[in-house]
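# Summary of the model geometry
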Amino acid sequence: MTQEPLQTEAQDETVRDVFTRLYADGRAYAEAEVERQKLRAGIVGAGLRDALIFAAVGIMLIFAAIVACLVGFILALAPHLGTGWATCAVFGGALIVALLLLLIAKGRIDRMKKAVKS
């Protein structure tokens, strides 16, 4: 009694059929991966957009607070110096602080340039 091996569907496939199925599976995997990456990019984009909106609003509020502080200084100095001189004093003080900050920034940039050249 000889037993014949059972013929299954896998044994009936040709090499061409196997490669065709492999190609189709690979293509489906690639398409699914592209969709996954598009979804990830969309999530990152939405998060970045929201973060930029919140940062912009925060910066505008900081600017408004600085303006309010300067106006308050003018109002506080006006009885002592007069409105014109109080405005000049606050403007001059703000310019001095701005120039000091710019000089500090320039020094940091120069130090960074020296470190990069070394």
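Residues numbered from 1 in each chain as written. Predicted model: local features only at pLDDT ≥ 70, side-chain atom pairs only at ≥ 80, totals over all residues. Heavy atoms only, no water.

### Observations regarding the environment of V67
What counts is decided by this rule: For the purposes of this entry, the term helix denotes a DSSP run of H or I that reaches at least four residues, the term strand denotes a run of E that reaches at least two, and both are numbered from the N terminus.
Checked against the element boundaries, V67 lands in helix α2 (residues 15-81). Residues V67 and K114, 47 residues apart in the sequence, show an inter-C-alpha distance of 37 Å.

### Notes on a nonpolar patch on the surface
Put simply, the rule is: Patch membership is restricted to residues that have no salt bridge and whose relative accessible area is over 30%. Joining uses 9 Å for like charges and 5 Å for the nonpolar side chains Val, Leu, Ile, Met, Phe, Trp and Tyr. Here the Shrake-Rupley method, with its probe set to 1.4 Å, supplies the accessible areas, and only the displayed protein chains count as covering residues. Any Lys or Arg side-chain nitrogen located within 4 Å of an Asp or Glu carboxyl oxygen qualifies as a salt bridge. Think of it in three bands: residues with accessible area under 20% of the maximum for their type are buried, residues over 50% are exposed, and the middle band is partly exposed, with areas taken using a 1.4 Å probe on protein chains only.
Where nonpolar side chains cluster on the molecular surface, the patch consists of I53, V57, M60 and L61 and spans about 390 Å² of accessible area. Structurally, M60 can be placed in helix α2. Judged by relative accessible area, M60 falls into the exposed class, the value being 55%.

### Quick notes on the state of the cysteines
Disulfides are covalent bonds that link the sulfur atoms of two cysteine residues. Rule in force here: Note on terminology: disulfide denotes any pair of cysteine sulfur atoms within 2.5 Å.
Applying the stated criterion across every chain, the model contains zero disulfides. Not part of a disulfide, C69 finds its nearest cysteine sulfur in C88, a span of 18 Å. On the accessibility criterion, C88 (46% relative accessible area) is partly exposed.

### Let's talk about α2
Since there are 3.6 residues in each turn of an α-helix, residues three or four apart along the chain are aligned in direction. Here is the rule we go by: The span you would expect from a helix comes to 1.5 Å times its residue count less one.
Compared with an ideal rise of 1.5 Å per residue, which puts 67 residues at 99 Å, α2 spans 96 Å between its outermost C-alpha atoms and is within 8% of the ideal. Trailing α2 by a residue or two, G82 shows a phi angle of about 95°, which is positive.

### Concerning the environment of F91
Within the secondary structure, F91 is located in helix α3 (residues 83-117). F91 sits 17 residues away from I74 along the chain, and the two C-alpha atoms are 9.1 Å apart.

### So, the pattern of salt bridges
A full pass over the atoms with the stated rule returns six salt bridges. Between E33 and R36 there is a salt bridge; the shortest N-O distance is 3.2 Å. Of this pair, E33 and R36 both sit in helix α2, separated by three residues, roughly a single helical turn. Take R36: its relative accessible area is 44%, and that puts it in the partly exposed class. With a closest N to O distance of 3.8 Å, E35 and K38 form a salt bridge. Separated by three residues within a single helix, E35 and K38 lie in helix α2, roughly one turn from each other. Accessibility expressed as a relative area gives 53% for K38, which makes it exposed.

From the geometry alone we can't say anything about function, so treat these as descriptive.
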